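# Report on the structure
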Amino acid sequence: MHTDTERCVRAVQSKDARFDGWFFTAVLTTGIYCRPSCPVVPPKPANMTFYPSAAACQQAGFRACKRCRPDTSPGSPEWNARADTVARAMRLIGDGVVDREGVTGLAARLGYSTRQIERQLGAELGAGPLALARAQRAQTARLLIETTTLPLAEVAFAAGFSSVRTFNETVREVFALAPGELRARAARSTGAPPPAPGVITLRLPYREPLNPSNLFGHLAATAVPGVEEWRDGAYRRTLRLPHGPATVALAPGPGHISCRLALTDPRDLTIAISRCRRLLDLDADPVAVDDRLRRDPVLAPLVDAAPGRRIPGSVDAAEFAVRAVLGQQVSTAAARTHAARLVRAHGEPLDERVDRMDPGGGLTHLFPEPEALAGLDPEALALPRSRRTTLTTLVAALADGSLRLGVDSDWEEARAGLRALPGFGPWTIEIIAMRALGDPDAFIPGDLGMRRAARALGLPATPAALTGHAAAWRPWRAYAVQYLWATDDHPINHLPD
């Protein structure tokens, strides 16, 4: 979009927040870059130039605006709506792969050479993987500076910088303030007492509108005891992160999602935020989605009544795949019971350090990894024999790496890998594609709730006929599923008390 100058100028002059994250405005006369909705008086069009990413702005020598804080914009919805190499690379960078494995590791995961990855990212985003990761490190550093009491030297390494000197130079270059000045400024503006060590409280932005009812209702209704819970108006769960376990509490607020993280290691902040955003589908473009679905006269009243429905995602694709198998042909309550038994028998008890940071509540375990489930005794599972085979085959494939599910997955390759396993039909494959892999066009016409909604609304009731009708909803059929599910009076469609 950044190449359409006229459209970008109109968005900036109207301060249209829908375009935050789609492109960034750099002001030639001030050397500052902003989000489209920046509250200051818009510059003259002749003084504006546009970039596709914050990293490209920083690479061109522009620093972040102190008013609109463009580095905190929602992510571009393109990366969640596409499955090509650039989109998969952006999801991996957001997941911290470049910081942990370098550009070589990023390229290896995608099956390309480093030169090819750099060329593709540079062509589309105006910056290579190192510059994109640097911009992400700068944002992580700012969060740690402003929301924790960590010594600045520890912030530098927690944010992924190789030295304190590089950290200081980058923060000054990007934000036009030294790290100490950023912290002092944040303390003056908030006046809040310092948080407990390891606890980070922040706001996760999103593009409005956002309807929280089915999003949080689904997560709460399907919560696995010990791993997830709804408490004090927030969805809470445990997280397995590269440097240690963590817990998170997420609650809907006006214009943002309140996020409280309890981390055993601050180096995991970036990946924790990325996973929370994917879980709640916060980088979606609800206006584009709803505009497409409104074209269907059957869906239009549903969209108008509750716009901004999101797709409940997951923080771990392998975990969700296991839970999808446990949920085959049973009620929501039965699926929770099966998952809770698996957690009690094979889950990892939560680190006592996290318990101290996040006392109270019912979070006790991390969901078991595939490697921990690979040796389970099928006879110990209270499941039909065929489903035991499905589960044990799945965890074996995940444990030995023959099946890979994650942010870097090619959606069609993942579908093919699941299809090759026993017991994986269209419903299970598509629900994994929708909620674990983030495919916005995943579709489950054979789902019981879908068939019930279709009959009530006068839509075709057979899977083949409904699929044919839904061609007009592409590429947002997974969002149409949320609107159709919401016609049923099921707990997943209601925000808990």
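Rules used in this analysis
- Residues numbered from 1 in each chain as written.
- Predicted model: local features only at pLDDT ≥ 70, side-chain atom pairs only at ≥ 80, totals over all residues.
- Heavy atoms only, no water.
- Phe/Tyr/Trp six-rings, centres within 6.5 Å; stacked < 30°, edge-to-face > 60°.
- Buried < 20%, exposed > 50% of the residue type's maximum accessible area, 1.4 Å probe, protein only.
- Axes fitted to C-alpha atoms, helices over the stretch in contact; angles between N-to-C directions.
- Helix = DSSP H or I, 4+ residues; strand = E, 2+ residues; numbered from the N terminus.
- Parallel < 35°, antiparallel > 145°, perpendicular 65-115°, else oblique.
- Contact = heavy atoms within 4.5 Å.
- Nonpolar A, V, L, I, M, F, W, Y, C, P; charged D, E, K, R; others polar.
- Left-handed = near helix turned anticlockwise from the far one by under 90°.
- UniProt positions renumbered as here; feature names shortened; annotations may be inferred.
- Core = buried A, V, L, I, M, F, W, Y, C linked by side-chain atoms within 4.5 Å.
- Disulfide = S-S within 2.5 Å.
- Pairing = 2+ DSSP bridges.

## Examining the packing of aromatic side chains
In the structure shown here, the tally under the stated rule is 8 aromatic pairs. Seen in terms of ring centroids, phenylalanine 19 and phenylalanine 23 are 6.5 Å apart; in terms of plane orientation they differ by 45°. Their pairing is tilted. For the pair phenylalanine 19 and phenylalanine 23, one class covers both residues: buried. Seen in terms of ring centroids, phenylalanine 24 and tyrosine 33 are 6.2 Å apart; in terms of plane orientation they differ by 75°. Their pairing is edge-to-face. For the pair formed by phenylalanine 24 and tyrosine 33, the shared burial category is buried. These aromatic residues form a ring-pair network of at least three members: Phe19, Phe23 and Phe50.

## What about the packing of helix H13 (residues 286-293) against helix H24 (residues 477-485)?
Put simply, H13 and H24 touch, their axes get as near as 10 Å, and they point 75° apart. By the angle between their directions, the pair H13 and H24 is classed as roughly perpendicular. Along its contact with H13, which presents Val289, Asp290 and Leu293, the element H24 presents Tyr479, Ala480 and Tyr483. Taken together, the residues of the contact of H13 with H24 break down into 5 nonpolar, no polar and 1 charged.

## Quick notes on the packing of helix H4 (residues 85-94) against helix H7 (residues 129-147)
Two numbers describe how H4 lies on H7: the axes approach to 10 Å, and their chain directions differ by 40°. With respect to each other, H4 and H7 are oriented oblique. For the element pair H4 and H7, the recorded crossing hand is right-handed. In this structure, H4 uses Met90, Ile93 and Gly94 to contact H7, whose residues at the interface are Pro129, Leu132, Ala133 and Gln136. The residue makeup of the contact of H4 with H7, split by class, is 5 nonpolar, 2 polar and no charged.

## Examining the UniProt feature "domain: HTH araC/xylS-type" (unreviewed entry) in the chain
Here the UniProt feature "domain: HTH araC/xylS-type" (unreviewed entry) sits at residues 87-185. As a span, residues 87-185 carries 80% helix and 0% strand, and end to end its C-alpha atoms are 36 Å apart.

## Description of the nonpolar core
A general tendency of soluble globular proteins is for nonpolar side chains to be buried together. Formed by 62 residues in total, the largest nonpolar core has its most connected members in Leu293, Val322, Leu394, Leu405, Ile432 and Trp473. With 8 residues, helix H15 (residues 317-326) is the single largest residue contributor to this core. The residues touching tryptophan 473, leaving out its near neighbours within four places in the chain, are Arg292, Leu293, Asp296, Leu299, Phe443, Leu459, Leu466, Ala480 and Leu484. One finds Ala141, Leu177, Ile200 and Leu280 within the second-largest nonpolar core, a separate group that totals 51 residues.

## As for the state of the cysteines
Simply put, disulfide is the name for a covalent bond between the sulfur atoms of two cysteines. Scanning the entire structure with this criterion turns up 0 disulfides. Sulfur of cysteine 65: no disulfide; nearest cysteine sulfur belongs to cysteine 68 and is 3.8 Å away. This cysteine, cysteine 68, is not joined by any disulfide, and cysteine 38 carries the nearest cysteine sulfur, 3.7 Å off. Residue cysteine 68 is classed as buried on the basis of its relative accessible area, which comes to 7%.

## Describing the pairing of strand E8 (residues 244-253)
Within E8, 9 of the 10 residues are buried, which leaves the element mostly enclosed by the surrounding structure. The loop that links strand E7 (residues 234-241) with its antiparallel partner E8 comprises 2 residues. Across 8 bridges, E8 lies against strand E9 (residues 256-263) in antiparallel orientation. Following the sheet pairing, alanine 249 is matched in E9 by arginine 260. Hairpin connection between E8 and E9: a loop of 2 residues separates the two successive antiparallel strands, and glycine 255 in this loop has a positive phi of roughly 80°.

## Section: the environment of serine 37
Among the secondary structure elements, serine 37 is positioned in the loop between strand E2 (32-34) and strand E3 (48-51). Taking the C-alpha atoms as reference points, serine 37 and alanine 176, 139 residues apart in sequence, are found 21 Å from one another. Residues within four places of serine 37 in sequence aside, it is in contact with Lys15, Asp16, Ala17 and Asp20.

## Looking at the environment of threonine 3
Note on placement: threonine 3 falls in the segment before helix H1 (5-13). Linking threonine 3 and phenylalanine 157, residues 154 residues apart in sequence, is a C-alpha distance of 36 Å.

## Some details on the sheet that holds strand E4 (residues 63-64)
Read across the open sheet, the 4 strands follow the order E3-E1-E2-E4; overall the sheet is mixed. At either margin of the open sheet sits one strand with a lone partner, and together these are E3 and E4. Where strand E1 (residues 24-27) and E3 come together, 4 bridges link them in antiparallel fashion. Its bridge partner lying in E3, threonine 25 is registered against phenylalanine 50. With respect to the sheet, H1 is in contact with E1 and E3, its orientation differing from that of E3 by roughly 105°.

## Quick notes on the sheet that holds E9
Here we have 5 strands laid out as an open sheet, ordered E5-E9-E8-E7-E6, and antiparallel in their pairing. Strands with a single pairing partner mark the edges of an open sheet, and in this sheet they are strand E5 (199-205) and strand E6 (228-231). Here the strands of the sheet are splayed against their neighbours by 25° on average, with no regard to which way each runs. Sheet topology places E6 next to E7; 4 bridges connect them, and they run antiparallel. Bridge pairing in E7 places tryptophan 230 opposite tyrosine 235. Packing against the sheet, helix H11 (residues 212-221) makes contact with E6, E7, E8 and E9, and its axis sits at approximately 145° to E8.

## Quick word on the environment of valine 315
Residue placement: valine 315 occurs in the loop between helix H14 (300-305) and H15. Along the primary structure valine 315 and proline 378 are separated by 63 residues, whereas in three dimensions their C-alpha atoms are 26 Å apart. When residues no more than four places from it in sequence are discounted, the contact partners of valine 315 are Arg237, Leu239, Arg275 and Leu279.

## Here we look at the pairing of E7
With respect to burial, E7 is a largely interior element, 7 of its 8 residues being buried. What sits between the antiparallel neighbours E6 and E7 is a turn of 2 residues, in which aspartate 232 has the positive phi angle 55°. Where E7 and E8 come together, 7 bridges link them in antiparallel fashion. Along E8, the bridge assignment pairs tyrosine 235 with leucine 250.

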